[in-house]
Amino acid sequence: MTQSTLHAQGFYGLNFIEIMETTGKKIFENVTYFDSINGKLIENQVIVVEGNNFSHIGDSGSYEHVHDDEYFDLSGKYVIPGLIDCHVHLGLQMDIIYERQVLRNNSGMYYYFALNNAQKHLAAGFTTVRDCGARENWGSSLKISFQQKMFWGPRLLIANRPISQWGNQEAR
């Protein structure tokens, strides 16, 4: 069994991705788990991950470690179920100079905006994201790239082109 130390930034997002890229079982010991079904925090739990699946969740000490398992002591850390964001536009950059960026970028940049925004969502704990439409039809390609593990990202539900009124949001 190897002892690994997590970075001070905490156990979330990209740090978790780096951990999950290693092979073998991962044992997360001494964690406080949020049971979203019963709305309770359950302390001193062990979570075992094999591949992309949770194979065991129980009281600390309820899982027998094997010498080649990777072990993480998460004392003082919390684990919650993955969050779902039901209304995003991953291909957009939302900042003060948005209109200027739209006019100055070619359409190929929207793929990079979408990849960057999807990875930011994953780092924030969102494991499923519903994109409600974008200017370009990049969504299905991004979804496939995540499924093929070319990049890390959340599970995507994609609308491709949005449904909207003729004109713009302020059309009367």
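Notes on the structure follow.

1. Regarding the sheet that holds strand β7 (residues 83-88)
The sheet built from three strands is open, its strands ordered β7-β8-β9 with parallel pairing. The strands lining the two open edges of the sheet, one partner per strand, are β7 and β9 (155-158). Mean inter-strand twist for the sheet, computed between neighbouring axes without regard to direction, equals 15 degrees. Both strand β8 (residues 126-131) and β9 contribute to a ladder of four bridges, which runs parallel. Counted as the bridge partner of V129 is L156 from β9.

2. Regarding a nonpolar patch on the surface
On the surface, a nonpolar cluster with roughly 320 Å² of combined accessible area is contributed by M109, Y111 and Y112. Looking at the secondary structure, you find M109 in helix α3 (residues 109-123).

Rules and cut-offs
- Residues numbered from 1 in each chain as written.
- Predicted model: local features only at pLDDT ≥ 70, side-chain atom pairs only at ≥ 80, totals over all residues.
- Heavy atoms only, no water.
- Pairing = 2+ DSSP bridges.
- Helix = DSSP H or I, 4+ residues; strand = E, 2+ residues; numbered from the N terminus.
- Axes fitted to C-alpha atoms, helices over the stretch in contact; angles between N-to-C directions.
- Patch = residues over 30% accessible without salt bridge, like charges linked within 9 Å, V, L, I, M, F, W, Y side chains within 5 Å.
- Areas by Shrake-Rupley, 256 points an atom, 1.4 Å probe, with all protein chains shown as cover.
- Salt bridge = Lys/Arg side-chain N within 4 Å of Asp/Glu carboxyl O.

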